[in-house]
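A structural walkthrough
Read off the chains here:
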Amino acid sequence: MLDLAKLILKKCDGLPLAIVTIGGYLANRPQNAMEWRKLNISLSAEIEINPELKMINTALMRSYDGLPYHIKACFLYLAIFSEDDIIRRTNIVKRWMAEGFT
Ligand SMILES: *[C@@H]1O[C@H](CO)[C@@H](O)[C@H](O)[C@H]1NC(C)=O
């Protein structure tokens, strides 16, 4: 099951909250490869529909909601980039300044 664990961990993308939540979820499921294979294949969909994993989305939403107004704008601006784009700090700060975010 080590290979499956690696696949699932990779999908957590180093996010501690995702690793802890999914680890806790798997600890309470039947300990077999079938169960882990199912989670590997359906992890994204599972986070949307499974109440135990939905807390990942909830925590992300709360983190966003807790940001000060001007930081929310900076955060949302990141949506102009594609997934896996490398964002250079100096570049993004200049863009934010040009947008009038302070
Ligand atoms: C894990 O999931 C990916 C899709 O996200 C799939 O391509 C891959 O075959 C799966 N691996 C196993 C061992 O089920």
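Fair warning: this is a prediction, and the values are worked out from it, not measured in the lab. Residue numbers run consecutively from 1 along every chain, following the written order of its sequence. A pLDDT threshold of at least 70 governs which residues receive local features in this predicted model, and a stricter bar of 80 or more applies before side-chain atom pairs are shown or counted, although totals over entire chains, interfaces and linings include all residues. In computing side-chain values, all of the structure's heavy atoms are included and hydrogens and water are not.

**Here we look at the nonpolar core**
A general feature of soluble globular proteins is that nonpolar side chains tend to end up buried together. Buried Ala, Val, Leu, Ile, Met, Phe, Trp, Tyr and Cys residues that are joined via side-chain atoms within 4.5 Å together make up what is termed a nonpolar core. Only protein chains enter the area calculation, which uses a 1.4 Å probe; residues under 20% of their type maximum are buried, those over 50% are exposed, and those in between are partly exposed. The biggest cluster of nonpolar side chains holds 13 residues, and the ones touching the most others in it are Ile8, Ile22, Leu26, Leu39, Leu43 and Leu53. Listed by contribution, the elements that provide at least two residues to this core are α1 (2–12), α2 (16–27) and α3 (33–49). Beyond its immediate stretch of four places on either side in the chain, leucine 53 contacts Thr21, Ile22, Tyr25, Leu39, Leu43, Glu46 and Ile47. Under the DSSP-based scheme used, a helix requires at least four consecutive residues in state H or I and a strand at least two consecutive residues in state E, with every element numbered from the N terminus. We call two residues in contact whenever any of their non-hydrogen atoms come within 4.5 Å of each other.

**Observations regarding the pattern of salt bridges**
The term salt bridge refers to a side-chain nitrogen of Lys or Arg lying within 4 Å of a carboxyl oxygen of Asp or Glu. Under the definition given, this model contains 2 salt bridges. A salt bridge links arginine 29 to glutamate 35; its shortest N-O distance comes to 2.8 Å. Using a relative accessible area of 30% as the deciding quantity, one classes arginine 29 as partly exposed. With its nearest N and O atoms 3.9 Å apart, the salt bridge here joins glutamate 35 to lysine 38. Of this pair, glutamate 35 and lysine 38 both sit in helix α3, 3 residues apart, which is roughly one turn of that helix. Given a relative accessible area of 11%, glutamate 35 falls into the buried group. On the accessibility criterion, lysine 38 (47% relative accessible area) is partly exposed.

**So, the packing of α1 against α2**
For every element, the axis is a line fit to its C-alpha atoms; helices are fit only across the contacting stretch, and the angle between N-to-C directions ranges from 0 to 180 degrees. Two elements in contact, α1 and α2, have axes separated by 9 Å at closest approach and are oriented at 145°. Judged by the sense of rotation from one axis to the other, the crossing of α1 with α2 is right-handed. Residues Ile8, Leu9 and Cys12 of α1 touch α2, and the partners they reach there are Ala18, Ile19, Ile22 and Leu26. By residue class, the composition of the contact of α1 with α2 is 7 nonpolar, no polar and no charged. Crossing handedness: left-handed means the near helix sits turned counterclockwise from the far one by under a right angle, and right-handed means the same turn made clockwise. By the convention adopted, Pro, Cys, Tyr, Trp, Phe, Met, Ile, Leu, Val and Ala count as nonpolar, Lys, Arg, Asp and Glu as charged, and the other residues, Gly among them, as polar.

**Things to note about a negative patch on the surface**
Each patch is assembled from residues with relative accessible area greater than 30% and no salt bridge, linking like charges that lie within 9 Å and nonpolar side chains (Val, Leu, Ile, Met, Phe, Trp, Tyr) that lie within 5 Å. For accessible areas, the Shrake-Rupley method is used with a probe of radius 1.4 Å. Any residue's cover is judged against the shown protein chains and nothing else. For the purpose of charge, His is not counted, nor are the chain termini; Lys and Arg are scored as positive and Asp and Glu as negative. In plain terms, the charge of a residue is placed at NZ if it is Lys, CZ if Arg, CG if Asp and CD if Glu. Residues Asp13, Glu83, Asp84 and Asp85 make up a contiguous surface patch of negative charge. Among the structural elements, aspartate 13 can be located in the loop between α1 and α2.

**Let's talk about the confidence of the model for the protein**
One confidence number per residue, pLDDT, is output by the predictor and ranges from 0 to 100. Chain-level pLDDT for the protein is 88 on average; 99% of the residues reach the 70-or-more range. At the level of individual helices and strands, the protein shows its lowest average pLDDT in helix α4 (residues 54–65), which scores 80, and its highest in helix α6 (residues 89–98), which scores 96.

**Things to note about the domain arrangement of the protein**
One can read the domain layout of the protein as domain 1 (2–64) and domain 2 (68–99). Delimitation of the domains relies on an automatic or database domain assignment. Between the C-alpha centres of domain 1 and domain 2 the distance comes to 28 Å.

**Here's the deal with α6**
α6 sits mainly on the outside: 1 of its 10 residues count as buried. One or two steps after α6, the chain reaches glycine 100, where phi turns positive at roughly 85°.

**Quick look at unusual backbone geometry**
Negative phi is the rule for most residues except glycine; trans is the rule for most peptide bonds. You will see that aspartate 84, though not glycine, has its phi angle at about 70°, which is positive. One can find aspartate 84 in the loop between α5 (69–77) and α6. The exposed category is assigned to aspartate 84, whose relative accessible area is 72%.

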